[in-house]
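Working through the structure, step by step
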Amino acid sequence: MSSSRTTTRSLIALGLGLACAALGTATPAGAQTTATAPAAPHAGYTRSAGDAADNKAFFEAVLKSVAEKQAAHPNLKSVTVYYNASQAPSFSSQIASSASIWNSSVTNVKLQATSGGADFAYYEGSDPQGSYASTDGHGSGYIFLDYAQNQQYDSIRVTAHETGHVLGLPDHYSGPCSELMSGGGPGPSCTNRYPNATERSRVNQLWAAGLAKALDKLNKVH
């Protein structure tokens, strides 16, 4: 549940690299194909100056992808964000639960699994900076789930928190446990997995006004 980031990481796993090429999404360079967590726990919750901008970039990348699909099918009445979780098999249950939590919490956007044509993807591995949401700077986004952090903290909360970035919410580590986007701020004892009323309202607002602006922008380009 660390901040989203756009910086490049080293040692890209070859298998995931090939999979990402097929998906057309960025590969989290810290991802590993083996579920081996680092021996020492790590914080992964410190805020950097670029957090807000990176969160916004990730949301806008997903929004643009969804808007393009919506523009191609103008008769669609519901907005659906498609995700691919095939590269995070260890977290399939947590990802499904996270999607269910958000789908029951908001009305203007829904999350749905797909095996192809995804708006973003999930990956798993070990990274000393923890779990995060990121973009590759070219319109693709992904969520990386760190093994050790998901053992130390409530895993569904970690996943739901990172998924909140997809829907446009920034980190707010100083918030209470009742606030999903407070992430690891309240400590490992916090197991709340649901967004509060303010967070739910904000997501609904973003996907009503934000998508309309994205569609308008696409129409002007075309």
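Look up: the structure comes first, before these words.
These lines cover the structure that appears in this document, whether it is placed above or below. Remember, it's a predicted structure, so these values are computed and weren't measured experimentally. (Residues numbered from 1 in each chain as written. Predicted model: local features only at pLDDT ≥ 70, side-chain atom pairs only at ≥ 80, totals over all residues. Heavy atoms only, no water.)

1. Describing the overall build of the protein
Per the secondary structure count, the protein includes six helices and five strands. Counting from the amino terminus, the protein carries its helices and strands in the arrangement α-α-β-α-β-β-β-β-α-α-α. For the protein, buried positions account for 51% of its 222 residues. In the protein, the proportion of contacts linking residues at least 24 apart, taken out of those at least 6 apart, comes to 69%. Summed over all atoms, the accessible surface of the protein reaches about 10000 Å², with 55% contributed by carbon and sulfur. (Helix = DSSP H or I, 4+ residues; strand = E, 2+ residues; numbered from the N terminus. Buried < 20%, exposed > 50% of the residue type's maximum accessible area, 1.4 Å probe, protein only. Contact = heavy atoms within 4.5 Å. Areas by Shrake-Rupley, 256 points an atom, 1.4 Å probe, with all protein chains shown as cover.)

2. Quick word on the packing of helix α3 (residues 92-105) against helix α5 (residues 155-166)
Working note: a packed helix pair is described by the angle between its axes plus the distance between those axes. Close contact between α3 and α5 brings their axes to 9 Å; oriented N to C, the two are set at 55°. Put simply, α3 runs oblique to α5. At the point where α3 passes α5, the crossing takes the right-handed sense. Residues Gln 94, Ile 95, Ser 97, Ser 98, Ile 101 and Trp 102 of α3 touch α5, and the partners they reach there are Ser 155, Ile 156, Thr 159, Ala 160, Thr 163 and Gly 164. Partitioning the contact of α3 with α5 into residue classes produces five nonpolar, seven polar and no charged. (Axes fitted to C-alpha atoms, helices over the stretch in contact; angles between N-to-C directions. Parallel < 35°, antiparallel > 145°, perpendicular 65-115°, else oblique. Left-handed = near helix turned anticlockwise from the far one by under 90°. Nonpolar A, V, L, I, M, F, W, Y, C, P; charged D, E, K, R; others polar.)

3. Focus on the pattern of salt bridges
With the rule as written, the count across this model stands at one salt bridge. Residue Arg 193 pairs with Asp 154 through a salt bridge whose shortest N-O separation is 2.9 Å. Of this pair, Arg 193 sits in the loop between α5 and α6 (197-221) while Asp 154 is found in the loop between α4 (147-152) and α5, placing the two residues 39 residues apart along the sequence. Taking relative accessible area as the criterion, Arg 193 reaches 31% and is therefore assigned partly exposed. A relative accessible area of 13% means that Asp 154 is categorised as buried. (Salt bridge = Lys/Arg side-chain N within 4 Å of Asp/Glu carboxyl O.)

4. Points about the state of the cysteines
Inspection of the entire model under this criterion finds one disulfide. Each disulfide pairs two cysteine sulfurs, and for Cys 177 the partner residue is Cys 190, the sulfurs being separated by 2.1 Å. Looking along the S-S bond of the Cys 177-Cys 190 disulfide, the torsion reads about 90°, which is the right-handed sense. You can see Cys 177 sitting in the loop between α5 and α6 and its partner Cys 190 sitting in the loop between α5 and α6, a full 13 residues away along the chain. Relative accessible area serves as the criterion here: at 4%, Cys 190 is assigned to the buried category. (Disulfide = S-S within 2.5 Å.)

5. Digging into the nonpolar core
Counting 32 residues, the largest nonpolar core has Val 81, Trp 102, Phe 120 and Trp 207 as the members making the most contacts within it. Only α2 (51-72), β1 (80-87), α3, β3 (120-125), β5 (141-146), α5 and α6 provide two or more residues apiece to this core. Looking at which element gives the most residues to this core, the answer is α2, with four residues. Residues Ala 121, Tyr 123, Tyr 142 and Phe 144 belong to the second largest nonpolar core, which totals five residues. (Core = buried A, V, L, I, M, F, W, Y, C linked by side-chain atoms within 4.5 Å.)

6. Some words on the environment of Gln 149
Of note, Gln 149 is situated in helix α4. Separated by 22 residues in the primary sequence, Gln 149 and Asp 127 have C-alpha atoms spaced 9.1 Å apart.

7. What about the pairing of β3?
Burial analysis of β3 places six of its six residues in the buried class, the great majority of the element. A two-sided burial pattern is seen for β3, the buried positions comprising Phe 120, Tyr 122 and Glu 124 on one face and Ala 121, Tyr 123 and Gly 125 on the other. Two elements, β1 and β3, share three bridges in a ladder whose sense is parallel. Directly across from Tyr 83, in β3, lies its bridge partner Phe 120. Sheet topology places β3 next to β5; five bridges connect them, and they run parallel. Directly across from Ala 121, in β5, lies its bridge partner Tyr 142. (Pairing = 2+ DSSP bridges.)

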